[in-house]
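In case you want the letters, here they are:
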Amino acid sequence: MAQLWGGRFKDKTDKEVYDFNASINFDKRLIYVDICGSRAHVKMLSKQGILTESDKNAILKGLDGIEEDVKSGKILITDEYEDVHSFVEAVLTERIGEPGKRLHTGRSRNDQVALDMRLYTRSRVAGTDNLLRTLLESILDTMKENTETYMPGFTHLQKAQPITLAHHYGAYFEMFRRDRGRLADLYKRMNECPLGAGALAGTTYPLDRDFTASELGFDGPTRNSIDSVADRDYLLEYLFTLSTTMMHLSRFCEEIIIWNSNEYQFVEIDDAFSTGSSIMPQKKNPDIAELVRGKTGRVYGSLMSLLTTMKGLPLAYNKDMQEDKEVAFDAMDNADNCIHLFTGMIKTMKFRKERMAKSAMNGFTNATDAADYLVGKNVAFRDAHRIVGELVLACIDKNKSIEEMSLEELKEISPVFDKDVYDAISLETCVGKRLTVGAPGKDAILTEIALSEDYLKSNPGL
Ligand code: ARG
């Protein structure tokens, strides 16, 4: 039981209490950022004349050694220490003696942990951004190859109007692009350094907070020392963004599961991303898509958990805040993993283009275009809507699609129909004529693709 405190206590901490209080088992992943923070802190202390040059050098050398030995596995971070901060200080002091005991001058574990979480989260935000970028590249590749791959567009999961695969994927491109925008926003907002806030009220040592901030790549120091140690907004923003990304992935997965079903057969998920059944030999299940959809709830849970932890806390630091770690780490790990695996799954997924086009043709997806055709012949839209409604009823009766009806049959419904109607309601025309900004028509989707390409070029990452 190695602790950084104890002078004020007569008795030893109860073992169960010690274990309940300790965070080493989950905060050990902060070791490298903790060491980075300590390096910046001692450099600043010595620059300000608070620490001698030789103490600084001894500490820096000691920290380098700890970093190396943890990386190589020469020393293990074990639960005989209370938390990662205690571990570093204890090992340092054990190795270099007296100077190690000066490391914590002008610092509290409250601003230390606030810094560590920010540094760690900042690099995870950049990592998620990178994964999303790769996902967007893959979506864009599919868009480029499928500007003429027809499929039905749905509302209420009922066939609505024909679209293309490029257009459908374009919708997801927009969602993940917005997610990257949220990451970039929160990255900017969180990039302030809390080190130097002390326990909550700053310190009497003449710290140079601008120096440590710039050493650690921050835009500057946080402005209020109480807020510095009490704030976890940036983590909540990140968890919200991850939750939104998971929601997007989950919708995409839901569609892939439907497309991959025996009834649809629009896609075939690669063997490498499917699993079998222990009893039914014919099965090939879309487990990865289902698991991504399933893990979405768990990431939402982390957001709700931390929001709830924070809601009743008086200023400034409270030990409740230690609860930020397990849930946030779990969400980061799972969300990143989901983005990565999902990208692999869609990269290897095959489209059954003929089935998709066939499905786009039946189900009266060209009914709106038939009505628009009549409008072109001077029929008011409301009347055209009713006429085509009657036409659809007649088609259902005869078990035919609109384009399978003869001209005579069409004229029975309305004399306005002429032989040019067949061209007007063909799949190619239905999609090709939709040229408003953001629509599936070829020129419109090519513009969208070009804009998306520009976007990726000008947003390489954080
Ligand atoms: N393990 C603690 C945490 O994760 C570190 C900060 C402890 N500060 C304190 N005053 N007890 O929040």
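This structure is a prediction, so every number in the text was calculated from the model and none was measured.

*Asks:* Where do I start with the overall build of the protein in this structure?
*Replies:* Across its full length, the protein carries 19 helices and six strands. In terms of overall size, the protein is more extended than a compact globule, its C-alpha atoms giving a radius of gyration of 31 Å where 462 residues would be expected to give roughly 23 Å. Along the longest, intermediate and shortest principal axes, the C-alpha atoms of the protein span 100 × 50 × 40 Å. A buried classification covers 50% of the 462 residues belonging to the protein. Positive and negative side-chain charges of the protein, numbering 59 and 72 respectively, have mean locations separated by a distance of 2 Å.

*Asks:* Sorry, what's going on with the packing of aromatic side chains here?
*Replies:* For any pair of aromatic rings, the description consists of the separation of the ring centres together with the inter-plane angle of the planes. Under the counting rule described, the total for this entry stands at 10 aromatic pairs. Between phenylalanine 173 and tyrosine 455 the ring centres are 6.1 Å apart and the planes differ by 80°, which places this aromatic pair in the edge-to-face class. Of this pair, phenylalanine 173 sits in helix H7 (residues 165-190) while tyrosine 455 sits in helix H19 (residues 442-458), and the two are 282 residues apart along the sequence. Taken as a pair, phenylalanine 173 and tyrosine 455 share a single burial class, namely buried. For the ring pair tyrosine 373 and phenylalanine 417, a centre distance of 6.0 Å and an interplane angle of 5° mean the geometry is stacked. Of this pair, tyrosine 373 sits in helix H14 (residues 367-376) while phenylalanine 417 sits in the loop between helix H16 (407-413) and helix H17 (421-424); the two residues are 44 residues apart in sequence, bridging distant segments of the chain. With a relative accessible area of 9%, tyrosine 373 lands in the buried category. On the accessibility criterion, phenylalanine 417 (1% relative accessible area) is buried.

*Asks:* Explain the site of the ligand here, please?
*Replies:* Close to the ligand lie Ser23, Asp27, Asp83, His85, Arg109, Asn110, Val113, Tyr317, Gln322 and Lys325, which account for all nearby residues. Between the ligand and serine 23, the relevant distance is 3.0 Å, taken from a nitrogen atom to a side-chain nitrogen or oxygen of the residue. Between the ligand and glutamine 322 there is a distance of 2.8 Å, counted from a nitrogen atom to a side-chain nitrogen or oxygen. Examining the composition of the shell around the ligand, we find that three residues originate from one element, helix H6 (residues 109-145), more than from any other. Looking at the shell around the ligand residue by residue, the classes come out as two nonpolar, four polar and four charged.

*Asks:* It is not clear to me how the packing of helix H3 (residues 31-47) against helix H5 (residues 84-96) should be interpreted in this structure. Could you clarify?
*Replies:* Working note: a packed helix pair is described by the angle between its axes plus the distance between those axes. Following both chains from N to C, one finds H3 and H5 inclined at 60°, their axes separated by 10 Å at the closest point. Put simply, H3 runs oblique to H5. Of the two elements, H3 crosses H5, and the hand of that crossing is right-handed. Counting all contacts with H3, which are made through Ile31, Asp34 and Ile35, the residues of H5 involved are Val84, His85, Phe87 and Val88.

Thresholds applied
- Residues numbered from 1 in each chain as written.
- Predicted model: local features only at pLDDT ≥ 70, side-chain atom pairs only at ≥ 80, totals over all residues.
- Heavy atoms only, no water.
- Helix = DSSP H or I, 4+ residues; strand = E, 2+ residues; numbered from the N terminus.
- Rg over C-alpha atoms; globule rule 2.2 N^0.38 Å.
- Buried < 20%, exposed > 50% of the residue type's maximum accessible area, 1.4 Å probe, protein only.
- Lys, Arg positive; Asp, Glu negative; His and termini not counted.
- Charge placed at Lys NZ, Arg CZ, Asp CG, Glu CD.
- Phe/Tyr/Trp six-rings, centres within 6.5 Å; stacked < 30°, edge-to-face > 60°.
- Near = heavy atom within 4 Å.
- Polar contact = N/O pair within 3.5 Å; in protein donor to acceptor, adjacent residues only side chain to side chain.
- Nonpolar A, V, L, I, M, F, W, Y, C, P; charged D, E, K, R; others polar.
- Axes fitted to C-alpha atoms, helices over the stretch in contact; angles between N-to-C directions.
- Parallel < 35°, antiparallel > 145°, perpendicular 65-115°, else oblique.
- Left-handed = near helix turned anticlockwise from the far one by under 90°.
- Contact = heavy atoms within 4.5 Å.

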